[in-house]
Amino acid sequence: MRVRSAIRVEGIVQGVGFRPFVYGLAVRLGLGGLVGNDERGVFIEVEGAPALVEEFTAALGGSPPPLAVIERISSRAVPATGETRFAIARSAAGGRRRALVSPDVATCADCLREMDDPADRRYGYAFTNCTNCGPRFTIVENVPYDRPNTTMAAFAMCEDCAREYHDPGDRRFHAQPVCCPACGPRLRLLDRVGGRVAGDPLQGAVELLRGGRVLAVKGLGGYHLAAVASCEPAVAALRSRKHREDKPFAVMVSDLAGARRLCEVDGAEERLLTAPSRPIVLLRRRGDADVAPSVAPGSRWLGLMLPYTPLHHLLLRRLAEPAVLTSGNVSDEPIAYLDDDAVARLGGVADAFLVHDRPIRTRTDDSVVRVFRGDVLPVRRSRGHVPHPLPLAWELPRPVLACGAELKHTFCVARGGHAFVSHHIGDLENYETFRSFTEGVGHFTRLFDVVPEVVAHDLHPEYLSTKYALAQEGVDLVAVQHHHAHVASCLADNGVAGPVIGVAFDGLGYGQDATLWGGEFLVADLTGFERAGHLATVPMPGGTAAIRQPWRMAAAYLDAAYDGAPPGDLDVVRRNAASWEAVVALGHRGVNAPLTSSMGRLFDAVATVAGGRDVINYEGQAAVEWEQRADPGETGEYGFRVTDGTPFAVSGSDLVRAVADDLRAGAEPGVVSARFHNAVARVVAEGCRRVRETSGLSTVALSGGVFQNVLLLERATTLLEDLGFHVLLHRRVPPNDGGISLGQAAVAGARDRLG
Amino acid sequence: MAHGSGGKATQSLIEAIFLEAFRNPLLEPLEDGAVLGVGSRRLAFTTDSYVVSPLFFPGGDIGDLAVNGTVNDLSVCGSRPLYLSAGFILEEGFPVDDLRRVTASMARAAAEAGVRIVTGDTKVVQRGKADGCYVNTAGVGLIERPVSLSAAGARPGDAVIVSGPIGEHGVTIMLARGELDIEADLVSDTAPLNGLVSALLDACADVPADARPDARSAVDSDAPWDVPPDARQGAVRCLRDATRGGVATILNEIAHASGVAVVVEEDAIPVRPGVRGACELLGIDPLYVACEGRLVAVVDGSAADTALAALRGHPLGEGAALVGHVKDDPPGLVLLKTGFGGTRIVDLLVGDPLPRIC
Ligand SMILES: [Fe+3]
Ligand SMILES: [Mg+2]
Ligand SMILES: [Zn+2]
Ligand SMILES: [Zn+2]
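Keep in mind it's a predicted model, so treat the numbers as computed, not measured.

Novice: Before we go on, may I ask you to explain the overall build of chain A in this structure?
Specialist: Along the backbone of chain A there are 23 helices and 30 strands. For a compact globule of 755 residues, the expected C-alpha radius of gyration is about 27 Å, and chain A comes in at 27 Å, within 12% of that figure. Oriented by its inertia axes, the alpha-carbon framework of chain A measures out at about 90 × 65 × 50 Å. By the burial criterion, 63% of the 755 residues in chain A qualify as buried. Pairs at least 24 apart in sequence give 72% of the contacts found in chain A among residues at least 6 apart. When the accessible surface of chain A is split by element, carbon and sulfur atoms take 50% of a total near 25,900 Å².

Novice: Hey, could you run me through helix 17 (residues 577-589) of chain A in this one?
Specialist: Because an α-helix completes one turn every 3.6 residues, residues spaced three or four positions apart along the sequence face the same direction. The end-to-end C-alpha distance of helix 17 of chain A, which contains 13 residues, comes to 19 Å, matching closely the 18 Å that a straight helix rising 1.5 Å per residue would cover. For helix 17 of chain A, the full list of buried residues reads A:Trp580, A:Ala582, A:Val583, A:Val584, A:Ala585, A:Leu586 and A:Gly587. Next to the buried residues of helix 17 of chain A lie strand 25 (538-539), helix 15 (551-561) and helix 16 (571-575) of chain A together with helix 7 (273-282) of chain B. With its phi angle positive at about 65 degrees, A:Gly590 sits one or two positions after the end of helix 17 of chain A.

Novice: Is there a simple way to think about the side chain of A:Thr150 in this case?
Specialist: Residues and elements named next belong to chain A. Inspection of the secondary structure puts Thr150 in the loop between helix 3 (109-116) and helix 4 (159-166). Within polar-contact distance, the side chain of Thr150 engages the backbone nitrogen of Met152 at 3.0 Å. Ignoring any residue separated from it by four or fewer positions in sequence, one finds Thr150 in contact with Ile139, Val140, Glu141 and Tyr145.

Novice: How should the UniProt feature "domain: Acylphosphatase-like" (unreviewed entry) in chain A be read in this particular structure?
Specialist: Listed under "domain: Acylphosphatase-like" (unreviewed entry) in the UniProt record, and renumbered for this structure, are residues 4-90 of chain A. Secondary structure content for residues 4-90 of chain A is 28% helix and 43% strand, and the end C-alpha separation is 20 Å.

Novice: Quick question: what am I supposed to make of the sheet that holds strand 9 (residues 250-252) of chain A here?
Specialist: To summarise the sheet geometry, strands pair through backbone hydrogen bonds and adopt either a parallel or an antiparallel arrangement. All names here are of chain A. Strand order in the open sheet formed by 10 strands is 6-13-7-8-12-9-11-10-14-15, and the pairing between neighbours is mixed. Because the sheet does not close on itself, it has two edges, and the strands there are strand 6 (187-191) and strand 15 (375-380). In this sheet, neighbouring strand axes are inclined to one another by 35 degrees on average, regardless of whether the strands run parallel or antiparallel. Packed onto the sheet, helix 22 (residues 710-722) meets strand 14 (368-372) and strand 15 and runs at close to 35 degrees relative to strand 14.

Novice: I tried to follow unusual backbone geometry on my own but got confused; where do I start?
Specialist: Trans is the prevailing form of peptide bonds, just as negative phi is the prevailing case for residues other than glycine. The omega torsion of the bond from A:Val386 to A:Pro387 falls at 10 degrees, within 30 degrees of zero and hence cis. Note that A:Pro387 resides in the loop between strand 15 and strand 16 (390-391). At the junction of B:Ser53 and B:Pro54, the peptide bond is cis and its omega measures out at 5 degrees in the coordinates. Examined against the element boundaries, B:Pro54 turns out to sit in the loop between strand 2 (41-50) and strand 3 (56-57). Its identity as a non-glycine residue notwithstanding, A:Asp449 has a phi of 55 degrees, on the positive side. In the Ramachandran plot, A:Asn592 falls in the positive-phi region, its phi being about 45 degrees despite a non-glycine side chain. Mapped onto the elements, A:Asn592 comes out in the loop between helix 17 and strand 26 (595-596).

Novice: I would appreciate a short explanation of the domain arrangement of chain A in the present structure.
Specialist: Where interface size is quoted, it is often the accessible area lost as the parts come together. Residue and element names in this part refer to chain A. Per the domain assignment, the segments of chain A are domain 1 (3-88), domain 2 (101-185), domain 3 (187-365), domain 4 (370-495 + 736-754) and domain 5 (533-728). The interface is formed by 19 residues belonging to domain 3 together with 18 residues belonging to domain 4. Taking both partners together, domain 3 and domain 4 bury about 1,700 Å²; carbon and sulfur atoms supply 52% of that area. Sorting the residues of domain 3 by area buried against domain 4 places Ser277, Arg361 and Asp365 first, and these three jointly supply 31% of that buried surface. On the surface where domain 3 and domain 4 come into contact, there are two salt bridges. Two residues, Glu432 and Arg363, come together in a salt bridge whose shortest N-O distance is 3.4 Å. There are 12 residue pairs in polar contact (both at pLDDT 80 or more) connecting domain 3 and domain 4. Within the residue set of the side of domain 3 that touches domain 4, elements represented by two or more residues are helix 8 (267-273) and strand 11 (301-305). Top element by residues in the side of domain 3 that touches domain 4 is helix 8. It accounts for four residues.

Novice: Looking at this structure, how should I read the UniProt feature "active site" (unreviewed entry) in chain A?
Specialist: All names here are of chain A. Within the UniProt annotation, "active site" (unreviewed entry) is assigned to Arg19 and Asn37. Taking the farthest pair of C-alpha atoms as the criterion, the annotated set spanning 19 residues converges on one region, since that pair is 8.0 Å apart. Looking at where Arg19 falls in the secondary structure, it is placed in helix 1 (residues 18-28). By the secondary structure assignment, Asn37 is in strand 2 (residues 32-38). We classify Asn37 as buried; its relative accessible area is 5%.

Novice: Looking at this structure, I do not really get helix 6 (residues 246-258) of chain B. What am I missing?
Specialist: Residue and element names in this part refer to chain B. For helix 6, which comprises 13 residues, the first-to-last C-alpha distance of 19 Å matches the rise-based estimate of 18 Å (1.5 Å per residue) to within 8%. Within helix 6, 10 of the 13 residues are buried, which leaves the element mostly enclosed by the surrounding structure. If you check which residues of helix 6 are buried, you get Gly246, Val247, Ala248, Thr249, Ile250, Leu251, Asn252, Ile254, Ala255 and Ser258. Buried-residue contacts for helix 6 involve strand 8 (159-162), strand 9 (236-241), strand 10 (261-265), strand 11 (295-299) and strand 13 (334-337). Phi turns positive one or two residues past the end of helix 6, at Gly259, with a value near 65 degrees.

Novice: Help me understand the pairing of strand 18 (residues 412-415) of chain A in this model?
Specialist: On any regular strand, side chains alternate: one points to one face of the sheet, the next to the other face. All names here are of chain A. Residues Cys412 and Ala414 line one face of strand 18 and the alternating positions Val413 and Arg415 line the opposite face, and both faces are buried. Across three bridges, the pairing between strand 17 (residues 400-402) and strand 18 is antiparallel. Bridging from a neighbouring strand, Val400 pairs with Ala414 of strand 18. Both strand 18 and strand 19 (residues 418-421) contribute to a ladder of four bridges, which runs antiparallel. In the strand pairing of strand 19, Val413 is matched with Phe420. Between strand 18 and strand 19, which follow one another and run antiparallel, lie two residues, and Gly416 among them has a positive phi close to 55 degrees.

Novice: Where do I start with a nonpolar patch on the surface in this structure?
Specialist: All names here are of chain B. Taken together, the side chains of Ile14, Ile17, Phe18, Phe22 and Leu30 define a hydrophobic patch exposed on the protein surface, amounting to about 440 Å² of accessible area. Within the secondary structure, Ile14 sits in helix 1 (residues 8-22). Note on Ile14: relative accessible area 31%, which makes it partly exposed.

Novice: Hey, could you run me through the packing of helix 18 (residues 599-611) of chain A against helix 21 (residues 669-695) of chain A in this one?
Specialist: Helix-helix packing is described using two parameters, namely the angle between the two axes and the distance between the axes. Residue and element names in this part refer to chain A. It is the contact of helix 18 with helix 21, at a shortest axis distance of 11 Å, that shows an interaxial angle of 160 degrees. With respect to helix 21, the axis of helix 18 lies roughly antiparallel. The hand of the helix 18/helix 21 crossing is right-handed. Contacts between helix 18 and helix 21 involve Met599, Leu602, Phe603, Val606 and Ala610 from the former and Pro669, Val672, Phe676, His677, Val680 and Val683 from the latter. Looking at side-chain class alone, the contact of helix 18 with helix 21 contains 10 nonpolar, one polar and no charged residues.

Novice: Even after reading the chapter, I still don't get the sheet that holds strand 6 (residues 116-125) of chain B, so can you show me in this structure?
Specialist: Residue and element names in this part refer to chain B. Read from one edge to the other, the open sheet built from five strands follows the order 1-2-7-5-6, with strand pairing classed as mixed. Lying at the two open borders of the sheet, with one neighbouring strand each, are strand 1 (34-38) and strand 6. Adjacent strand axes in the sheet meet at a mean angle of 20 degrees when their direction is disregarded. One ladder, built from 10 bridges, connects strand 5 (residues 80-91) with strand 7 (residues 133-143); its direction is antiparallel. Note that in strand 7 the partner of Tyr83 across the bridge is Val140. Packed onto the sheet, helix 2 (residues 62-75) meets strand 2, strand 5, strand 6 and strand 7 and runs at close to 150 degrees relative to strand 2. Relative to strand 5, helix 3 (residues 96-113) is tilted by about 175 degrees, and along the sheet it contacts strand 5, strand 6 and strand 7.

Novice: Where do I start with the coordination of the zinc ion (ligand 3) in this structure?
Specialist: Geometry reference: four tetrahedral donors at a metal, ideal angle 109.5 degrees. Six octahedral donors, ideal angles 90 or 180 degrees. All names here are of chain A. Around the zinc ion (ligand 3), the protein contributes the donor atoms Cys108 (SG), Cys111 (SG), Cys130 (SG) and Cys133 (SG), which lie 2.3 Å from the metal centre. Coordination geometry of the zinc ion (ligand 3): the four donor atoms subtend angles of 101 to 120 degrees at the metal centre, consistent with an arrangement described as tetrahedral. All donors of the zinc ion (ligand 3) belong to a single chain; written as a sequence motif, their spacing is C-x2-C-x18-C-x2-C. On the criterion of sequence distance, the pair formed by Cys108 in the loop between strand 5 (86-88) and helix 3 and Cys130 in the loop between helix 3 and helix 4 is long-range, its members being 22 residues apart.

Each value, and the rule that gives it
Residues numbered from 1 in each chain as written. Chains lettered and ligands numbered in written order. Predicted model: local features only at pLDDT ≥ 70, side-chain atom pairs only at ≥ 80, totals over all residues. Heavy atoms only, no water. Helix = DSSP H or I, 4+ residues; strand = E, 2+ residues; numbered from the N terminus. Rg over C-alpha atoms; globule rule 2.2 N^0.38 Å. Buried < 20%, exposed > 50% of the residue type's maximum accessible area, 1.4 Å probe, protein only. Contact = heavy atoms within 4.5 Å. Areas by Shrake-Rupley, 256 points an atom, 1.4 Å probe, with all protein chains shown as cover. Expected span 1.5 Å × (residues − 1). Polar contact = N/O pair within 3.5 Å; in protein donor to acceptor, adjacent residues only side chain to side chain. UniProt positions renumbered as here; feature names shortened; annotations may be inferred. Pairing = 2+ DSSP bridges. Axes fitted to C-alpha atoms, helices over the stretch in contact; angles between N-to-C directions. Domains from an automatic or database assignment. Buried area = accessible area lost by both parts, 1.4 Å probe. Salt bridge = Lys/Arg side-chain N within 4 Å of Asp/Glu carboxyl O. Patch = residues over 30% accessible without salt bridge, like charges linked within 9 Å, V, L, I, M, F, W, Y side chains within 5 Å. Parallel < 35°, antiparallel > 145°, perpendicular 65-115°, else oblique. Left-handed = near helix turned anticlockwise from the far one by under 90°. Nonpolar A, V, L, I, M, F, W, Y, C, P; charged D, E, K, R; others polar. Donors = N, O, S within 2.8 Å, 3.2 Å for Na, K, Ca; no water. Tetrahedral: all angles 85-135°; square planar, octahedral: opposite > 155°, others 65-115°.

So this is what it looks like as structure tokens:
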């Protein structure tokens, strides 16, 4: 007896070698039928003995190709036709686009072997890729994911490549970016004004780097700026030309051994470093690490990554030492990704350009992660992860566009059970960034066939993302409070609906009472929240100026802590004496001094009082440095009062006073930092304990940028678990504002379900 | 209501309530004043209320502010200001001496501007129902030149000029409230701009410019008060006095009304060190701070030098500066080129500025 089965496979099943896998499986089992791609994924018909068809179906989900992500397999019986041959059908165009685009994937071991083999035709070729690796999202113009819909369209395959591309038995069967030295992209070395430099581009680039020069390198999602990491003059030059004072640079090392020479690498960190997404992993720097002081001034941490394109492999191997590889931009501009623009913008920074002729479709920054308790803690989710769909716990009734926040911006389009969180967009106030937001929305809605009917946005009236949302016509708008969105993003990240106790600690977000929130205890589910408690408010003297100059927060907090008479022997008071009274007066008079309950601002205040960081040069700098100062062995902590009420209020000024008194009593800043961290962990635990008493809830979601602080996260989680709480953390989207868009989408969807 | 700071909230209030109620072709452009046909003459007509605190401040008081503000609104319509009305709402108990000071400075300002205050009104309200003294002025002016100035008149290639250092009035007022421990040697820039505007329009009248845009005539092209089609518009396309919301708000209105991009250079914007210092301390952006004697001019690109020379030749325009240009893309946005070569969006604020970084 013969049976025939029509099978549909959905998920990331295109561009990942799924059809050759199906073909091989069917041929091995002696089944007839066909396999093909369409807009929804992969369709299969198989025919043969019932037991074999069953075995086929089981194997389909059991051992798919490494990069495939199967979301659903459905099958139904159809009449047998007597077909005994198995064939691969052509892709069909038209219809709804449901197929998913894969993120970019680091070069695989097979491709690396070919590049190393002098007998192979891809020996030393900088654009080698196959079905299991290579560029994807960064080169996709449209779906279905076929070569004409990528930036490889302009490269006509040579005969050899075409043979591989059409051979179902080959690793490059339907690998859309397949190419070789005869037919594919080529490297070029350009001088700083874009003139071609003769000779082997790679060799020329390596020599320039060794000579202490700054090199712009066109990578996967944009241009990097590179310098030899141990060469102080080169790194310092890069820093000053980029106008980047203190923010650490990332370093690329050629392999794990290289990583271990610079940093401590544990098992989880090794897994992340070598993951196909190849993020920048923040690691503990070794005392003897041979990197120039300018790479990461004053930082105990170093962001390392391994090569993820053939070009990076070749470059790092020839260079034979670690290289700084930082985003190709000046100051806070988005990274350059278009060739002419790169030469124009980076001409004053780079001494030369190592480029190629494969266009980048979408600017995509490197992803950044930390490790917390043996698992990933995302800091920036971008290259290698985007546009991987995040599953939602429920189907959305209508398609959603979530417009995100303002800094570290991402947006999110969602439909059905999928949320597509965008690549890292950046700071929207920058016009170039704003354009990549609006243009990116168009790209995503096309790629994923979403026509948003619901548009979610932040409550902040001045966010450019809010204004963008309000300008959309013919859609239902859903305003989502910033910290509700933070907690919801943690819920969506964990596939949990709530209600939970949400602890959202961050820099700032617009609150429903028009103050700036950021130290919040919420009782929240996806549809709504109540504010159960928060940090007591203080003024931010000078508004935005109080963020750029954290000493102003110190002034506001010390004024509150000492009733207007802070001890004059505090260094912070002496250092800022000239403007101290005027700044305090701004707070007293409420002149450009909005009230805030932000935990980020409390960190700023303390980092200034005890850490001496009066002015910051990059976002979060004071807090980042303050975390590193902490003496890990110290277990003491400071006390604080809580004012009962709904919401209750935690006195941050008690902590500032304790810090100041401790310092004046001669405590070391490292000890003060640890005690402060311990105290904030206690704030988390005590707040949650209070909320549990009134709500009965015992699951806690921790979100907001403050929880990128691994020391705080460790201590808070430990205290909470000791108290019997179940703790939800971020594992897929960052706790910072990069995760906001997912939370907004989840809330908008949940409210839409309620009708 | 968070509708007072001149930003987007004020604008939507105006559009939702007042324009909705009073809609007509003369009101519709929502310019600083209306242009009316009376017989064969064109008149400009405007009104403004003044609620400044404190009433007396370095460089001026509510009286000259009320005269100059209305004179300036008439001037930037291209008219010669002629007659003003003055209305007073006084809180019971408001000192008569103070009222004398206010009226004296109104008389002085009117004389300086060459206008006469020809009608008026006074109301006294109970103590606590008003803050001392409010003044309303209305004014009419005669449009004698064949010009039609409009926020909708800017075109790609035009030059954007400010007539002097910005932000002095607003910062002076903030400091004059005396609540802040900030010492700065600042005075308000309040001044009548009719002379300066005349000098500019005269100098630019004969500068050949491309055919004038027809944004205005779309309202009612056959109206007798409209500029005759063969008239020489000259090179000035738009004039605004940069009052509430500052230069940033004016530029946004121009970008929006004209459907163009306005690109300004951060380093070219004139700001006095005292204003810059105070703004830094206050944490505010001078671009959004009110002026009461500065104007923004959009002129044909070929006339930029002529316009600058004309402004600089007048005592109130000595500090005039070319700050940017009009481009076609991105329409409706104001962009600021920063020192490092970055490009920041200078947005129309919804309300009072609130931090949005974190
Ligand atoms: Fe946030
Ligand atoms: Mg007016
Ligand atoms: Zn491969
Ligand atoms: Zn080839």
